[in-house]
Amino acid sequence: MLTDKELIDIAWKAREQAYAPYSEFQVGAALLAENGQVFPGCNVENISYGLTNCAERVAIGAAVASGNRKFEKVVVVADTKEPISPCGACRQVLAEFGVKSIILANREGAVIFSLEELLPRASTGILDRP
Ligand code: THU
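Description of the structure in this document. These figures come from a predicted structure and were not determined experimentally. (Residues numbered from 1 in each chain as written. Predicted model: local features only at pLDDT ≥ 70, side-chain atom pairs only at ≥ 80, totals over all residues. Heavy atoms only, no water.)

**Observations regarding the nonpolar core**
In this structure, Leu-31, Ile-60, Phe-71, Val-74, Leu-94, Val-99 and Ile-102 are the most contacted members of the largest nonpolar core, which totals 23 residues. At the level of elements, strand S1 (27-33), helix H2 (55-65), strand S3 (71-78), helix H3 (88-96), strand S4 (101-105) and helix H4 (115-118) are the ones that each hand at least two residues to this core. Once residues within four sequence positions are removed from consideration, Ile-60 is found in contact with Leu-31, Phe-71, Val-93, Leu-94, Phe-97 and Val-99. (Core = buried A, V, L, I, M, F, W, Y, C linked by side-chain atoms within 4.5 Å. Buried < 20%, exposed > 50% of the residue type's maximum accessible area, 1.4 Å probe, protein only. Helix = DSSP H or I, 4+ residues; strand = E, 2+ residues; numbered from the N terminus. Contact = heavy atoms within 4.5 Å.)

Shown next, in the form of structure tokens:
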């Protein structure tokens, strides 16, 4: 199993592939599946803006497309003053697959959150009518 440091390095490498001509804000991700496989991701923007895909969602899509649905952790990296914070949509997508640990890093260091910390009550009550 890869170390957090190794995953962070993979995310920085993935960030180099970011397609971000509109925001010029490059993001990288690395998603660790339960079986030890790693899926890199980068943001992929679109001229419509609204169709932009974030790095962590791209990693989830690649992982699911190759048959993975169980994940240990995801790393998200960007060159920011404070470690990057995933958007609400990505938090919901991470919740869909129960990604246990979310590591957010900049050049200075990393912070680690649980899914519950970033998105409390993500699925509680949904479709659970009395
Ligand atoms: N972005 C990500 O890829 N991940 C995040 O966690 C936050 C934001 C991307 C989306 C867009 O391409 C750019 O960063 C600016 O928001």
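Still more ground to cover, so stick around.
**Brief notes about the environment of Val-74**
For Val-74, the location among the structural elements is in strand S3. Residues Val-74 and Ile-8, 66 residues apart in the sequence, show an inter-C-alpha distance of 9.2 Å. When residues no more than four places from it in sequence are discounted, the contact partners of Val-74 are Ala-30, Leu-31, Glu-56, Leu-94, Val-99, Ser-101, Ile-102 and Ile-103.

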